[in-house]
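Descriptive analysis of the structure
Take a look at the letters that make up each chain.
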Amino acid sequence: MSATPVSMLDHALTRLDEAARHLQIDGDVLEKLRFPRETMQVRLMIRMDDGSRKSFMAWRCRYDDTRGPTKGGIRFHPDATADEVETLAFWMTFKCAVMNLPYGGGKGAIRVDPHALSKAELERLSRAYMQAFSRVVGPDRDIPAPDVYTNAMIMGWMADEYSSIVGATTPAVITGKPIALGGSLGREDATARGGYYLVRRLATELGVKPGARVAIQGFGNAGQHIARLMAGDGYRIVAISDSHGCLHAPDGLDVTALIGAKAQHGSLAAPEAAAAAGSQARLLPAEALIGIDCDILVPAAMEDLIHRDNAGEVKAKLVLELANGPITPEADAMLEKRGVVVLPDILANAGGVTVSYFEWVQNRQGYYWTVEEVHARLKASMETEGLAIWQRARDSRISMRSAAYVHALARLAQAIEAHGTQKFFTA
Ligand code: NAD
């Protein structure tokens, strides 16, 4: 008899149990956080350009809203599943608590290859998502944002659709919108910038400094901005990959030229991209990035790309997880054993949700901040939470990932316990 496969959420929940061992928390807290509060699944039906109808599976999960309305992105991906959406929503619950944002965690997805749709079909699908989930979302209930293969324009379509449904302009229903439609300055590069501020603040503790060699997996929003910011500080970007290939140059790649080439040709494997990368650059398979000789590895693509079979190849001493869940639990244990420091996703990529929160605040105030204000507030938040987690990790002799979960769980537990626990009701 074959064993029941362990779901991605089951894997993620092992973090909850592990964090709970470091805190005195009531059993109610674990009972509340062990299951998603609600996951809605619908089939979206749209008219295609050729006149036919086509349907797509879609989800929205509100994992936990004890600390505030749920918050989390919507991804368009051909491999999206309910399990993945619930896992990402669980991570968002912890990420918002790590950063002390007044939010719970949520996530959404459509199972679709957006590249196979025309622009008009993409707009119809985005609007269909909002029509289907308008009962679940709302500025005080659940606030989506961009994620993999969704962008500011899609958020703008969705905000417009929601506003039509409720009959009132409601920009605060969604974040990551175009600036002209109520987006925040500084949101575009916020995820990478948050990770960059974190590395800068902890550089001494981590033993890294400009000049160190960086390899970046994924060259979309997170990957391109971290490459630009770190190269600007004097770090040497020795390898960058996308889903098509990996460009490697031990003396450093020309990041600005590569960003231009990726925008123009769509792929790092295009001959024009290799030419833009510099004469020393070599094109390798995408998978080669993990084993590149470097000091800092930045996963900025998809989940589970560092696993049992390739974790042994990692040469870096520091990993900055800009992607969500890029390291499987088994691989994580292998890296920890070898003394590799991992700045975990729920802290390292939290700059995105932090500036999303700033956008929501500005939408509700109807008053907009300068980019300098956004950067200053983001920097302060990343430094405060990053340092607190670093100290917790050092004092308790645990990994940064464990410390981040303990840090978040302490806040979640406080909120859940404030409603009263078994001890309160039976005293
Ligand atoms: P994106 O769609 O802009 O870019 C994804 C990139 O990953 C693309 O360049 C794609 O080619 C590449 N990729 C896909 N599979 C790959 C593979 N096997 N090897 C190498 N590259 C591969 O997405 P993004 O917004 O940059 O998000 C990347 C990660 O960061 C995701 O895990 C996402 O959840 C996380 N994240 C993003 C934000 C944000 O604000 N954009 C916030 C928090 C977390």
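Residues numbered from 1 in each chain as written. Predicted model: local features only at pLDDT ≥ 70, side-chain atom pairs only at ≥ 80, totals over all residues. Heavy atoms only, no water.

**Focus on the packing of helix H1 (residues 8–20) against helix H3 (residues 82–98)**
Contact pair H1 / H3: the axes reach a minimum separation of 8 Å and the direction vectors enclose 20°. Classed by the angle they form, the pair H1 and H3 counts as roughly parallel. In terms of crossing hand, the pair formed by H1 and H3 is left-handed. For the pair H1 and H3, contact is made by Met8, Leu9, Ala12, Leu13 and Leu16 and by Asp83, Glu84, Glu86, Thr87, Phe90, Trp91 and Phe94, respectively. Counted by class, the contact of H1 with H3 contains 8 nonpolar, 1 polar and 3 charged residues. (Axes fitted to C-alpha atoms, helices over the stretch in contact; angles between N-to-C directions. Helix = DSSP H or I, 4+ residues; strand = E, 2+ residues; numbered from the N terminus. Parallel < 35°, antiparallel > 145°, perpendicular 65-115°, else oblique. Left-handed = near helix turned anticlockwise from the far one by under 90°. Contact = heavy atoms within 4.5 Å. Nonpolar A, V, L, I, M, F, W, Y, C, P; charged D, E, K, R; others polar.)

**Section: the sheet that holds strand S2 (residues 53–64)**
On the basis of which strands lie adjacent, the open sheet formed by 5 strands has the order S1-S2-S4-S3-S5 and mixed pairing. Two strands lie at the open edges of the sheet, namely strand S1 (38–47) and strand S5 (142–146), each paired on one side alone. In this sheet, adjacent strand axes meet at a mean angle of 25° when their direction is disregarded. Bridge count between S1 and S2: 10 bridges; the pairing is antiparallel. Along S2, the bridge assignment pairs glutamate 38 with arginine 62. (Pairing = 2+ DSSP bridges.)

**Quick word on the pairing of strand S7 (residues 236–241)**
Across the 6 residues that make up S7, a large majority, 5, are buried. Two strands pair when backbone bridges link them, and strand S6 (residues 213–217) and S7 are joined in this way by 5 bridges, in the parallel orientation. Paired with isoleucine 216 across the bridge in S7 is isoleucine 240. Following the backbone out of S6, through helix H7 (residues 221–232) and into the adjacent parallel S7, one traces a crossover that is right-handed. As consecutive antiparallel partners, S7 and strand S8 (residues 246–248) are separated by 4 residues. (Buried < 20%, exposed > 50% of the residue type's maximum accessible area, 1.4 Å probe, protein only. Right-handed = clockwise from strand over helix to strand, strands pointing away.)

**Description of the environment of alanine 263**
Within the secondary structure, alanine 263 is located in helix H8 (residues 255–265). As a C-alpha pair, alanine 263 and glycine 220 span 43 residues in sequence and 9.7 Å in three-dimensional space.

**Describing the site of the ligand**
Neighbouring residues of the ligand: 24 residues in total, closest Asp147, Thr191, Asn221, Ala222 and Asn324. A distance of 3.4 Å is found between a nitrogen atom of the ligand and a backbone nitrogen or oxygen belonging to aspartate 242. Interatomic distance of 2.8 Å between a side-chain N/O atom of asparagine 324 and an oxygen atom of the ligand. About the coverage of the ligand: the protein hides 87% of its 830 Å² of free accessible area. Its residues assigned to classes, the shell around the ligand comprises 10 nonpolar, 9 polar and 5 charged. Each of domain 1 (36–178) and domain 2 (190–348) accounts for three or more of the residues forming the shell around the ligand. (Near = heavy atom within 4 Å. Polar contact = N/O pair within 3.5 Å; in protein donor to acceptor, adjacent residues only side chain to side chain. Areas by Shrake-Rupley, 256 points an atom, 1.4 Å probe, with all protein chains shown as cover. Domains from an automatic or database assignment.)

**Quick look at the domain arrangement of the protein chain**
The figure often quoted for interface size is the accessible area lost as the parts come together. Domain boundaries in the protein chain define domain 1 (36–178) and domain 2 (190–348). Here the C-alpha centre of domain 2 lies 28 Å away from the C-alpha centre of domain 1. Across the boundary between the two partners, domain 1 contributes 12 residues, which contact 7 residues of domain 2. Summed over the three residues of domain 1 that lose the most area to domain 2, namely Trp91, Lys95 and Val98, the buried surface amounts to 50% of that side. Seen at the junction of domain 1 and domain 2, the total is 1 salt bridge. Between arginine 75 and glutamate 303 there is a salt bridge; the shortest N-O distance is 2.7 Å. Going through the elements one at a time, strand S3 (70–77) and H3 are the ones with two or more residues in the side of domain 1 that touches domain 2. (Buried area = accessible area lost by both parts, 1.4 Å probe. Salt bridge = Lys/Arg side-chain N within 4 Å of Asp/Glu carboxyl O.)

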